[in-house]
Amino acid sequence: MRKNLTPWLLILGAFTILLFNDIIPTLYAFYLSLFVYNMVSGAPPKFAYLNNYVNLLRDPDINASFLRGFTFSILTTILAIILGLGIAFLMAKDFRGNRLFRVVVCLPLAIPYITIGSMWKLMCSPNIGVIPYFLRTLGIVYDISSSGLQAFITTLVIDVWHWTPLVALVLLAALASIPQSILEAAEVDGATRLQKLKHIYLPMMSFDILFVILIRFMDSLKIFDEVWMLTGGGPGASTRYVSIALYSIVLKRWDMGYGAAISMVFAYVIIFLSWIMNKTLQVRRT
Amino acid sequence: MKLASLSSLLTYLAVILISLAILFPIYWTIITSLKSLTDIFSMPPVLIPSKIEPLNYYRPFVMEGYTKLLINSLIASIGNIIVVIPLSTLAAYSISRYRFFGADTFQFFALTCRMAPPAAFIVPYYIMFRTIGLYDTPAALVIVYCIFNIPFALWIIKSGFDSIPREIEESALVDGASLTTRLYKISVPLCAPSIAAAAILTFLFSWNEYLFASVLTGFHARTITTGLTAFVTEVGIRWGEMAAVSTVCMLPGILLVLFLQKYIVSGLALGGVKA
């Protein structure tokens, strides 16, 4: 009996903390989402059935932020996968300075997200930035405080800058696990680079690629810090992604019931995606 | 021969371009933190400052109390390690060594904790920590950071335990060693590199965090990352100070990558991936 309990006792501490951090807040958020509860008005919470969810479906701000978030995530995922694959092949090559290059590639992953926001704010500012200056010499007017499209593209560039290294590292590991004998056989048969990419690399790395696509997609959907620092969601609503919309609704309007309803929907979209990811992993294991 | 040298030339070209693209924003931030106001605003932008301006650091850290924010960040990060590492080590040992009912569920549960969007937790966290009186204390951050650090440390340490041959422990079991003895005398010491990597990255993730810190602290427990937004004011942005505090914020991460490259690199990759 005691032997059967041991594994449970060992996970008990970690489990309890995660319970407190995840399950209890989730249940509490669900409970709150059934109420009209504004912390500014000071009125006691009023039970409202599923009204918050109904309002949410009709709220153009929220719908637009989800649509914007999905568009952003799809674009940044595609860019990061293509670039990441290229960098992975580059890192797999044998050249002088390879180790140093790997260190450089890792740097963006170790920097606080909010600092990445301020870093790019320094470079993109219409007053002092190098990027507007550089583009001006090319005849392009670049101002993220007035052009929504430019702000959107800038957040894409930042996200790609930040996360392509992760894609590259994962795909490098996948690349390294391809048996050398297969590549040599293809060499003997006189396969071209494109043929090797199409018939060896991509099929053998397909699971890692799929996996990294899912990871990247989920992470970009959650983006907050960098964009909050850079644009605060503006100009207008052009970079108002889901987390930004949620944060603004909660901390500007203090509309806790409604905020909780959005949180529930947002969390379940992500949990559904991570469930798919988990299934993908299980397929790979078998 | 000619073709080979052309290909290696292209390789170097790509490596240099990518390195520049990665390093330039970091360089620009550091260099801006050392510039005087005239240099910051001068057009064309100044690539190398004419003189070094220490005031960008002096003002926030000496005059405006940012040192306290640094200390708060340290307290929250180290406090989090103290909670995360022992609990994760035990849990990792459990799922690495035993097959038991609920092990897979527990792992999936940990994965969802890691993946859950932080913004979705600000409403319940804010009210919960207000209610239990931990709002604006380092304890709130120590607890909250577990949500992403425990799953992460769990996976890193578990893969460490997985790589230790079971035979070593089994021979100790034959000798009659108890679970506690096996853990502290054999498995944990053998797993030390993984545990150390997990501890370092736990520190880094806590140090780097912004969203929860901005919601759960107000004045006393504010961390260095939340101090960064204060430079964006109604009347303008204090660029020099913002660059200086940004530089300090990213220092631990950059130093860790440079000096502990081997562990950190694989760990950072795992951080986003391992499941």
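In this text, all values refer to a predicted model and were calculated from it rather than measured experimentally. (Residues numbered from 1 in each chain as written. Chains lettered and ligands numbered in written order. Predicted model: local features only at pLDDT ≥ 70, side-chain atom pairs only at ≥ 80, totals over all residues.)

Novice: For this particular structure, what's the right way to read the overall build of chain B?
Specialist: The number of helices and strands found in chain B is 15 helices and 2 strands. Taking all 275 residues of chain B together, the buried fraction comes to 49%. Considering only contacts in chain B between residues 6 or more positions apart, those separated by 24 or more positions represent 77%. (Helix = DSSP H or I, 4+ residues; strand = E, 2+ residues; numbered from the N terminus. Buried ≥ 20, exposed ≤ 12 C-beta atoms within 10 Å, placed from the backbone. Contact = placed C-beta atoms within 7 Å.)

Novice: What exactly am I supposed to notice about the interface of chain B and chain A here?
Specialist: Where interface size is quoted, it is often the accessible area lost as the parts come together. In this assembly, 79 residues from chain B lie in contact with 68 residues from chain A. Residue composition of the side of chain B that touches chain A, grouped by class: 64 nonpolar, 15 polar and no charged. (Nonpolar A, V, L, I, M, F, W, Y, C, P; charged D, E, K, R; others polar.)

Novice: What's the story with the nonpolar core in this structure? I'm lost.
Specialist: For soluble globular proteins, the rule of thumb is that nonpolar side chains tend to be buried together. The biggest cluster of nonpolar side chains holds 163 residues, and the ones touching the most others in it are Leu171 of chain A together with Tyr125, Leu141, Val144, Ile150, Leu154 and Leu216 of chain B. It is helix α7 (residues 148-176) of chain A that contributes the most residues to this core, 14 residues altogether. The two domains that each donate at least three residues to this core are domain 1 (1-53) and domain 2 (56-273) of chain B. Excluding residues that lie within four positions of it along the chain, Val144 of chain B makes contacts with Asn21 of chain A together with Tyr125, Phe212 and Leu216 of chain B. (Core = buried A, V, L, I, M, F, W, Y, C linked by C-beta atoms within 7 Å. Domains from an automatic or database assignment.)

Novice: Where do I start with the confidence of the model for chain B in this structure?
Specialist: Note that predicted coordinates carrying low pLDDT should not be read in detail. The predicted model of chain B averages 87 in pLDDT, with 94% of residues at 70 or higher. Both scores are available for the predicted complex, with the pTM at 0.89 and the ipTM at 0.89. (pLDDT = per-residue confidence, 0-100.)

Novice: Would you mind showing me how to read unusual backbone geometry here?
Specialist: Phi is mostly negative for residues that are not glycine, and the peptide bonds are mostly trans. The omega torsion of the bond from Met43 of chain B to Pro44 of chain B falls at 0°, within 30 degrees of zero and hence cis. Turning to its location among the elements, Pro44 of chain B is positioned in the loop between α2 (37-41) and α3 (55-63). Non-glycine residue Tyr49 of chain A carries a positive phi angle of around 50°. As for its placement among the helices and strands, Tyr49 of chain A is situated in the loop between β2 (46-47) and α2 (51-58). Phi is positive for Asp136 of chain B, close to 65°, though the residue is something other than glycine. Mapped onto the secondary structure, Asp136 of chain B falls in the loop between α6 (122-131) and α7 (138-144).

Novice: Sorry if this is basic, but what is going on with α7 of chain A here?
Specialist: Residue and element names in this part refer to chain A. Under the 1.5 Å per step criterion, the end-to-end length of α7 is 42 Å for 29 residues, consistent within 8% with the ideal 42 Å. The sharpest bend along α7 measures roughly 40° and falls at Trp163, with the proline Pro165 sitting one to four residues further on. Summarising burial for α7: 21 of the 29 residues are buried, a large majority. (Expected span 1.5 Å × (residues − 1). Bend = angle between axes of the 7 residues up to and from the residue.)

Novice: Any chance you could explain the packing of helix α5 (residues 113-124) of chain A against helix α14 (residues 239-259) of chain B here in plain terms?
Specialist: Describing two packed helices takes the angle between their axes plus the distance from one axis to the other. Axis separation between α5 of chain A and α14 of chain B bottoms out at 10 Å; the angle between their running directions is 145°. Crossing of α5 of chain A over α14 of chain B shows left-handed handedness. Counted together, Thr115, Ser118, Met119 and Leu122 of chain A of α5 of chain A and Trp239, Met242, Ala243, Ser246, Cys249 and Met250 of chain B of α14 of chain B form the full contact between these two elements. Residues of the contact of α5 of chain A with α14 of chain B, tallied by class, amount to 7 nonpolar, 3 polar and no charged. (Axes fitted to C-alpha atoms, helices over the stretch in contact; angles between N-to-C directions. Left-handed = near helix turned anticlockwise from the far one by under 90°.)

Novice: In this structure, what is going on with the environment of Ile75 of chain B? I would like to understand it.
Specialist: Topologically, Ile75 of chain B is positioned in helix α4 (residues 66-97). The spacing of Ile75 of chain B and Ile195 of chain B is 120 residues in sequence and 20 Å in space, taken between C-alpha atoms.

Novice: Please clarify how the domain arrangement of chain B should be interpreted in this entry.
Specialist: All names here are of chain B. Segmenting chain B into domains produces domain 1 (1-53) and domain 2 (56-273). A C-alpha centroid distance of 32 Å is found between domain 1 and domain 2. Residue-level contacts link 8 residues of domain 1 with 7 residues of domain 2. Those elements giving two or more residues to the side of domain 1 that touches domain 2 turn out to be α1 (2-33) and α2. The element contributing the most residues to the side of domain 1 that touches domain 2 is α1, with 4 residues. Here the side of domain 1 that touches domain 2 is composed, by residue class, of 3 nonpolar, 3 polar and 2 charged.

Novice: What exactly am I supposed to notice about the packing of helix α5 (residues 103-115) of chain B against helix α8 (residues 146-162) of chain B here?
Specialist: Residues and elements named next belong to chain B. Two numbers describe how α5 lies on α8: the axes approach to 8 Å, and their chain directions differ by 130°. In terms of orientation, α5 and α8 fall into the oblique class. Viewed along their axes, α5 and α8 form a crossing whose handedness is left-handed. Residues Ala110, Leu111, Cys113 and Arg114 of α5 pack against Ile147, Phe148, Ile150, Pro151, Phe152 and Leu154 of α8. By residue class, the composition of the contact of α5 with α8 is 9 nonpolar, no polar and 1 charged. (Parallel < 35°, antiparallel > 145°, perpendicular 65-115°, else oblique.)

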